[in-house]
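Architecture and fold: a report
One-letter residues, chain by chain:
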Amino acid sequence: MKVLLLIIIGIIGGVIGGMGMGGGTLLIPLLTIFVGVEQHAAQALNLLAFIPMSGVAIAIHIKNKLVDFKQVLPIAIPAVAAGVGSSVLSKLTGARALSRWFGLFLVVLGIYQLITAIIALVGSIRKKRRELLKFPEEVASRHISASLT
């Protein structure tokens, strides 16, 4: 049963990660909550699963011409440095504290995503409202100009 659960979790993490949305944000909580994996081990499993998954996803994104190589180095170099520093910090942090920090990160990320979605929705509604209010003016001006000719 545990192996089946791990396979399902791996599929979910792979789908989310393959789309570039950070499969670890789902994989780590699923491993800790449903399988009982300790936080450090869940994060390590996530990183190990990420290697082949990201390799395949990168190859596909390159094939689809979605990678701008000019932007890779300015992102990758600081990301690798931060990854090394964070790994050391993670080792020095207790599992419970690490779990709490990760949970806080997910909450902040969720709030950010919610606010971004609300702003986009409000912008979309305002745009549609402007289009609806503009439409009668265009019809009226066409009608007036047609009647003058």
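The structure under discussion appears in the preceding block.
Predicted, not measured: the structure shown is a model, and the values here were computed from it. (Residues numbered from 1 in each chain as written. Predicted model: local features only at pLDDT ≥ 70, side-chain atom pairs only at ≥ 80, totals over all residues. Heavy atoms only, no water.)

A short note on the packing of aromatic side chains
Quick note on the threshold: Paired rings are identified among Phe, Tyr and Trp, the last through its six-membered ring, by centres lying within 6.5 Å, and are further divided according to the angle between planes into stacked (under 30 degrees), edge-to-face (over 60) and tilted (the rest). What counts as a helix is a DSSP run of H or I of at least four residues, what counts as a strand is a run of E of at least two, and both are numbered from the N terminus. Per-residue accessibility, obtained with a 1.4 Å probe over protein chains only, is compared with the maximum for each type, and a residue is labelled buried under 20%, exposed over 50%, and partly exposed between these values.
With the rule as written, the count across this model stands at one aromatic pair. On the numbers, 6.1 Å between centres and 35 degrees between planes, the contact of phenylalanine 102 with phenylalanine 105 is tilted. Residue phenylalanine 102 and its partner phenylalanine 105 are both found in helix 5 (residues 95–148); the two are separated by three residues, about one turn of the helix. By relative accessible area, which is 16% here, phenylalanine 102 ends up buried.

Regarding the nonpolar core
Nonpolar side chains tend to gather and get buried jointly when the protein is soluble and globular. Rules: In these notes, a set of buried Ala, Val, Leu, Ile, Met, Phe, Trp, Tyr and Cys residues joined through side-chain atoms within 4.5 Å is what counts as a nonpolar core. In what follows, residue pairs with any heavy atoms lying within 4.5 Å of each other are defined as contacts.
By size, the foremost hydrophobic cluster in this structure holds nine residues: Ile9, Leu27, Ile28, Leu30, Leu31, Val35, Val37, Ala42 and Phe102. Dropping the residues within four chain positions of it, alanine 42 is found in contact with Ile28, Leu31, Thr32 and Val37.

Digging into a nonpolar patch on the surface
Spelled out, the test is: Grouping into patches uses exposed residues only, defined as over 30% relative accessible area, and leaves out salt-bridged ones; the cut-off is 9 Å for like charges and 5 Å for nonpolar side chains (Val, Leu, Ile, Met, Phe, Trp, Tyr). Here the accessible surface of atoms and residues is derived via Shrake-Rupley with a 1.4 Å probe, and residues count as covered only by protein chains that are part of the display. Salt bridges are counted wherever a side-chain nitrogen of Lys or Arg sits within 4 Å of a carboxyl oxygen of Asp or Glu.
There is a patch of nonpolar side chains on the surface, built from Val3, Ile7, Ile11, Val15, Met19 and Met21 and spanning about 600 Å² of accessible area. On the secondary structure map, valine 3 appears in helix 1 (residues 2–18). When its relative accessible area of 59% is taken as the criterion, valine 3 is described as exposed.

Section: helix 4 (residues 69–92)
Formally: Here the expected length of a helix is defined as 1.5 Å per residue gap, with one fewer gap than residues.
Taking 1.5 Å of rise per residue, 24 residues should cover 34 Å, and helix 4 covers 35 Å from first to last C-alpha, within 8% of that figure. In terms of residue burial, helix 4 counts as a barely covered element, since only one of its 24 residues are buried.

Here's the deal with a positive patch on the surface
Worth spelling out the cut-off: Charge counting treats Lys and Arg as positive and Asp and Glu as negative, with His and both chain ends excluded. Lysine's charge is taken at NZ, arginine's at CZ, aspartate's at CG and glutamate's at CD.
On the surface, Arg126, Lys127, Arg129 and Arg130 cluster together to form a positively charged patch. Mapped onto the secondary structure, arginine 129 falls in helix 5.

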